Amino acid sequence: MKSFQNKVAAITGAGSGIGRALAINLAGQGCALALSDVNSAGLAETAKACEAKGVKVTQTKVDVANRDAIYAWAEASAKAHGQINLVFNNAGVALGAAVDGMKFEDFRWIMDINFWGVVHGSQAFLPYLKASGDGHIINISSIFGIIGVPSQSAYNASKFAVRGFTEALRIELDMAKSPVSTTCVHPGGIKTNIARAARFDDNMKALIGQEAEQGKARFEKMFITTPETAAETILKGVRRNSRRVLIGPDAVAVDLMQRLLPTGYQKLVGLGTKLQMSKGK
Ligand SMILES: NC(=O)c1ccc[n+]([C@@H]2O[C@H](COP(=O)([O-])OP(=O)(O)OC[C@H]3O[C@@H](n4cnc5c(N)ncnc54)[C@H](O)[C@@H]3O)[C@@H](O)[C@H]2O)c1
């Protein structure tokens, strides 16, 4: 897809952060938008900013963990806009918890949103993307979809799963010579609300020696890229039909580390985490 003008994009988690920045960037390029989020207030703010750029915008409260709700939203969006060219499966949450003692309900919560939300969005929109003749599925994984990190096992599992799902789907679509393509996105630390909105289990303290609030602040220190730059990088990747998009110098460095030390990186990450903890004390 070389241009977004007169195209229609559906975005989940559009009420904040990367989703909002994608929406505003696309609106500025003449792309109509079907926006969704569980947070109606954030969603309305994003919609207002996009409408101000003169494009058609629809907004729907959708929980991506709810498969029926996503299917209903996809159908309604296609009807309202006449076509759908792009879906950004972006909505996501974070969880800090050690495996030893992690609550199953927290693990299920994050998988329902970060993994199943992406599967529901990809499958629900695929028929409309095909019908458009020029479609693209953009699934947001993470640099934590490339390496494992202590306290992030559930988030890691959800984001590694998004990568596997998206890469397999891309091969299937290529083999079928489909008019639809996919891009898997791996952001490094982006300055958004994700850490503030995260669940942090008390059992983190035994693992990293920090209370939840300290743990969130430690993560936020690693956020170095703006959501606007993230959106620009993602859209450049879509125009190039990239299979994988890394966002930020941190993501590029971590990806390189994983390639050079496919398993050896684990010792480095453990040492780095201990070092950070001792500095934080
Ligand atoms: N910020 C980072 O450092 C970073 C790094 C790597 C990957 N990511 C990924 O980027 C994506 C966007 O996150 P962000 O950083 O912009 O965070 P954010 O918290 O600013 O935005 C996430 C949005 O998703 C929405 N959301 C949460 N649960 C939902 C649900 N069940 N259904 C629908 N919407 C829901 C929230 O209301 C929010 O508006 C996520 O998938 C996240 O995992 C972020």
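Not measured: the values here are computed from a predicted model.

A.B. asks: So what about the side chain of His 81? Which residues, and what values?
C.D. replies: Take His 81: it is sitting in helix H3 (residues 67–81). Accessibility expressed as a relative area gives 14% for His 81, which makes it buried. Within polar-contact distance, the side chain of His 81 engages the backbone oxygen of Leu 33 at 3.3 Å. Here His 81 is in contact with Val 8, Ala 32, Leu 33, Ala 34, Lys 56 and Thr 58, once residues within four sequence places are set aside.

A.B. asks: Residue-level account of the site of the ligand, with values.
C.D. replies: As a structural note, the neighbourhood of the ligand is formed by 29 residues, with Ser 16, Asp 37, Tyr 155, Ile 190 and Thr 192 the closest of them. At 2.6 Å from an oxygen atom of the ligand is found a side-chain nitrogen or oxygen belonging to Asp 37. At a separation of 3.2 Å, an oxygen atom of the ligand approaches a polar backbone atom of Asn 193. Taking 830 Å² as the accessible area of the ligand by itself, protein coverage stands at 93%.

A.B. asks: How would you sum up the nonpolar core? Please name residues and give values.
C.D. replies: With 51 residues, the main nonpolar core has Ala 10, Ile 84, Leu 95, Ile 110, Phe 125, Leu 129 and Ile 137 as its most contacted residues. Elements represented by at least two residues in this core include exactly strand E1 (8–11), strand E2 (32–37), H3, helix H4 (104–132), helix H5 (153–175), strand E7 (180–187), helix H6 (204–208) and helix H10 (265–280). Considering each element in turn, this core owes the most residues, 11 residues, to H4. Val 57, Leu 86, Ile 190 and Leu 235 belong to the second largest nonpolar core, which has 32 residues in total.

A.B. asks: Describe helix H7 (residues 212–220), listing the residues and the values that go with them.
C.D. replies: For H7, the full list of buried residues reads Gly 215, Lys 216, Arg 218 and Phe 219. Buried residues in H7, looked at end-on, bunch into an arc of 160 degrees, giving them a common side.

A.B. asks: Go over the UniProt feature "domain: Ketoreductase" (unreviewed entry) in the chain, please, and point to the residues and values.
C.D. replies: Taking the numbering used here, the UniProt-annotated feature "domain: Ketoreductase" (unreviewed entry) corresponds to residues 7–193. For residues 7–193, the helix share is 49%, the strand share is 19%, and the end-to-end C-alpha distance is 28 Å.

A.B. asks: Would you mind going over the packing of H4 against H5 in detail, with residue names and values included?
C.D. replies: With their axes 8 Å apart at the nearest point, H4 and H5 run at an angle of 15 degrees to one another. Here H4 is positioned roughly parallel relative to H5, judged by the angle of their axes. The interaxial crossing formed by H4 with H5 has right-handed handedness. Of the residues in H5, those in contact with Phe 107, Ile 110, Met 111, Asn 114, Phe 115, Val 118, Val 119, Ser 122 and Leu 126 of H4 are Ala 154, Tyr 155, Ala 157, Ser 158, Lys 159, Ala 161, Val 162, Phe 165, Leu 169 and Leu 173.

Procedures and definitions
- Residues numbered from 1 in each chain as written.
- Predicted model: local features only at pLDDT ≥ 70, side-chain atom pairs only at ≥ 80, totals over all residues.
- Heavy atoms only, no water.
- Helix = DSSP H or I, 4+ residues; strand = E, 2+ residues; numbered from the N terminus.
- Buried < 20%, exposed > 50% of the residue type's maximum accessible area, 1.4 Å probe, protein only.
- Polar contact = N/O pair within 3.5 Å; in protein donor to acceptor, adjacent residues only side chain to side chain.
- Contact = heavy atoms within 4.5 Å.
- Near = heavy atom within 4 Å.
- Areas by Shrake-Rupley, 256 points an atom, 1.4 Å probe, with all protein chains shown as cover.
- Core = buried A, V, L, I, M, F, W, Y, C linked by side-chain atoms within 4.5 Å.
- Arc of directions from axis to C-beta.
- UniProt positions renumbered as here; feature names shortened; annotations may be inferred.
- Axes fitted to C-alpha atoms, helices over the stretch in contact; angles between N-to-C directions.
- Parallel < 35°, antiparallel > 145°, perpendicular 65-115°, else oblique.
- Left-handed = near helix turned anticlockwise from the far one by under 90°.

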